[in-house]
Structure formats: C-alpha cells, structure tokens
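# Residue-level structure breakdown
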Amino acid sequence: MQTSSVKNSFTRIAVVVMSTLFVTNGIVSRDCDPFRFAIWGGGCIADFLGASYKTVFEDFQVYRLLTYGYVQTTIWHLLANIFALWWVGSYLEQKIGTAFFFLMYHTSLVIAGASIFLFYPNSFNYGASPAVFSCFGLLAHWLVRKKALWHVYRNQKGFVYCAFFFILSNLFGVASLVIHLLGFSIGFLWGFFIREHKISLE
C-alpha cells in the first residue's frame with residue numbers, strides 16, 4: 001500500500017538495515033552452510049540481536065527488544081517482511097510523518113517483544129512482523145471509524161501482497177500468530193492517538 005509521491009525515509013532505512021544485517025549474518029556465520037542458512041536461518045548476528053527472556057530480563061540486554069525487529073534469518077523471512085514493510089510502511093509514513101511512524105514502529109516492537117514471553121517464556125524472537133502488523137492495526141482502527149477508507153486502501157499499490165502477507169504469515173504456528181496479534185493490537189490502540197480525521201487520507 002504505497003502512494004506515488006511518498007517521503008519514506010525511515011522505511012527505506014529500515015529495509016536497508018534489515019538487508020545488510022541478513023547479508024552480514026551470512027558472512028560472519030561461516031560455519032553455516034550457505035544454502036541451509038538461507039532456508040533454515042540461525043547465525044551469529046541473530047544470536048547477538050535476537051530476544052529471549054533470559055537475555056532481556058535476566059541479563060538486562062534490553063536493547064534486544066528493539067534489535068530483534070531488524071533481524072531476519074532466512075531469505076523468505078527477509079523478503080516477506082521487507083516487501084510488506086515497504087508497501088504498508090511507506091503509505092503510513094507519508095500519512096502520519098516519519099517521527100510518529102518511527103515511534104509507533106519501535107513501541108510496537110518493544111511491547112510485543114516483551115509481552116510474548118508471558119505466553120512463550122522459552123521463545124527466541126526475531127523479525128519485523130510485529131511492527132508490520134502494528135501498521136495493519138492502525139489502518140484497521142481508521143477503517144472501523146471510516147469504512148469508506150476500504151476503497152482507498154484497496155486501490156493502493158501493494159494491497160494484494162499485504163493481504164496475502166496478513167493471512168499467510170499467521171500460518172506458521174500459534175507463537176507467530178500471538179506475536180502478530182500483539183503487534184496488531186498495539187497499532188490498533190495507537191489509532192486512539194493518531195486519529196484519521198486529522199490527516200489527509202486521499
């Protein structure tokens with residue numbers, strides 16, 4: 001979901017950072033078979049930047065609640081998330097501004113990343129999908145308030161891709177569904193502070 005004239009500086013930066021970390025992860029994880037690595041994931045960067053209950057709450061490496069959202073460890077994981085972020089993130093960043101989008105994006109990562117341990121304390125998490133789903137949550141909040149926006153959304157570039165991403169990315173297990181739902185809920189709650197009638201939605 002992207003408009004033609006969009007100032008999407010943070011979205012661009014996030015995509016570049018995720019792609020760079022993915023390549024770097026593959027380079028520094030030399031003990032991994034490249035093909036197996038690209039398909040199954042893992043690697044040194046993922047271990048250093050991903051989030052677990054122990055690293056965050058016992059070792060107090062709270063930075064991981066932000067950095068886990070920039071680590072994608074398989075090629076399909078990387079491509080799925082950066083394309084989804086590009087379409088929906090670019091659209092939203094234009095609508096609410098880079099500063100507000102940056103804040104929403106990272107608060108979603110932190111809250112969803114910390115909350116998932118209530119349900120799955122032994123999980124090790126990485127990926128941008130909680131933040132991407134927060135974008136969907138904000139759009140859903142606007143849509144609830146103004147149903148005519150459905151016509152606007154479905155005419156945006158990337159709408160079909162985002163629709164498939166929304167459905168298919170929740171088919172990889174209950175843990176993925178839960179953290180996506182957490183991200184979506186946070187974005188929906190942001191809608192009470194970012195009201196659709198205060199910005200241009202054409």
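Looking up the protein in an unreviewed UniProt entry gives the name Rhomboid family intramembrane serine protease, with the organism given as Pseudoflavonifractor intestinihominis. Under Subcellular location (unreviewed entry), UniProt gives the following word-for-word description of the protein: "Membrane".

This part is about helix 11 (residues 174–190). With 17 residues, helix 11 extends 24 Å between its outermost C-alpha atoms, agreeing within 8% with the 24 Å of an ideal straight helix rising 1.5 Å per residue. Where helix 11 is concerned, the buried positions are Val 178, Ile 179, His 180, Leu 182, Gly 183, Ile 186, Gly 187 and Trp 190. Elements in contact with the buried residues of helix 11: helix 7 (98–119) and helix 8 (129–145).

On to the UniProt feature "transmembrane region" (unreviewed entry) in the protein. The sites that carry the UniProt feature "transmembrane region" (unreviewed entry) are, in the present numbering, residues 12–28, 35–53, 65–88, 100–120, 126–144 and 164–193. Its end C-alpha atoms 30 Å apart, residues 126–144 is made of 84% helix and 0% strand.

What follows covers the packing of helix 6 (residues 75–96) against helix 7. With their axes 7 Å apart at the nearest point, helix 6 and helix 7 run at an angle of 130° to one another. As judged from the angle between their axes, helix 6 and helix 7 are oblique. On helix 7, the residues touching Leu 85, Gly 89, Leu 92, Glu 93 and Ile 96 of helix 6 are Thr 98, Phe 100, Phe 101, Met 104 and Tyr 105. For the contact of helix 6 with helix 7, the per-class residue count stands at seven nonpolar, two polar and one charged.

Counting residues in hydrophobic clusters, the biggest one holds 45 residues, and the most contacted among them are Met 18, Leu 85, Leu 92, Phe 101, Tyr 105 and Trp 142. The residues touching Met 18, leaving out its near neighbours within four places in the chain, are Gly 69, Tyr 70, Gln 72, Leu 78, Ile 82, Leu 85, Tyr 105 and Ala 128.

Per the stated rule, a full pass over the model turns up 24 aromatic pairs. Consider the rings of Trp 150 and Phe 159, whose centres lie 5.4 Å apart with planes at 85°: the pair is edge-to-face. Judged by centre distance (6.0 Å) and plane angle (70°), the rings of Phe 166 and Phe 184 are edge-to-face. Taken together, the positions of Phe 166 in helix 10 (residues 159–168) and Phe 184 in helix 11 put the pair 18 residues apart, joining distant regions of the chain. An aromatic cluster is present here, built from Phe 83, Phe 133, Phe 136, Tyr 161, Phe 165, Phe 166 and Phe 184 joined pairwise through their rings.

What counts and what doesn't
- Residues numbered from 1 in each chain as written.
- Predicted model: local features only at pLDDT ≥ 70, side-chain atom pairs only at ≥ 80, totals over all residues.
- Heavy atoms only, no water.
- UniProt positions renumbered as here; feature names shortened; annotations may be inferred.
- Helix = DSSP H or I, 4+ residues; strand = E, 2+ residues; numbered from the N terminus.
- Expected span 1.5 Å × (residues − 1).
- Buried < 20%, exposed > 50% of the residue type's maximum accessible area, 1.4 Å probe, protein only.
- Contact = heavy atoms within 4.5 Å.
- Axes fitted to C-alpha atoms, helices over the stretch in contact; angles between N-to-C directions.
- Parallel < 35°, antiparallel > 145°, perpendicular 65-115°, else oblique.
- Nonpolar A, V, L, I, M, F, W, Y, C, P; charged D, E, K, R; others polar.
- Core = buried A, V, L, I, M, F, W, Y, C linked by side-chain atoms within 4.5 Å.
- Phe/Tyr/Trp six-rings, centres within 6.5 Å; stacked < 30°, edge-to-face > 60°.

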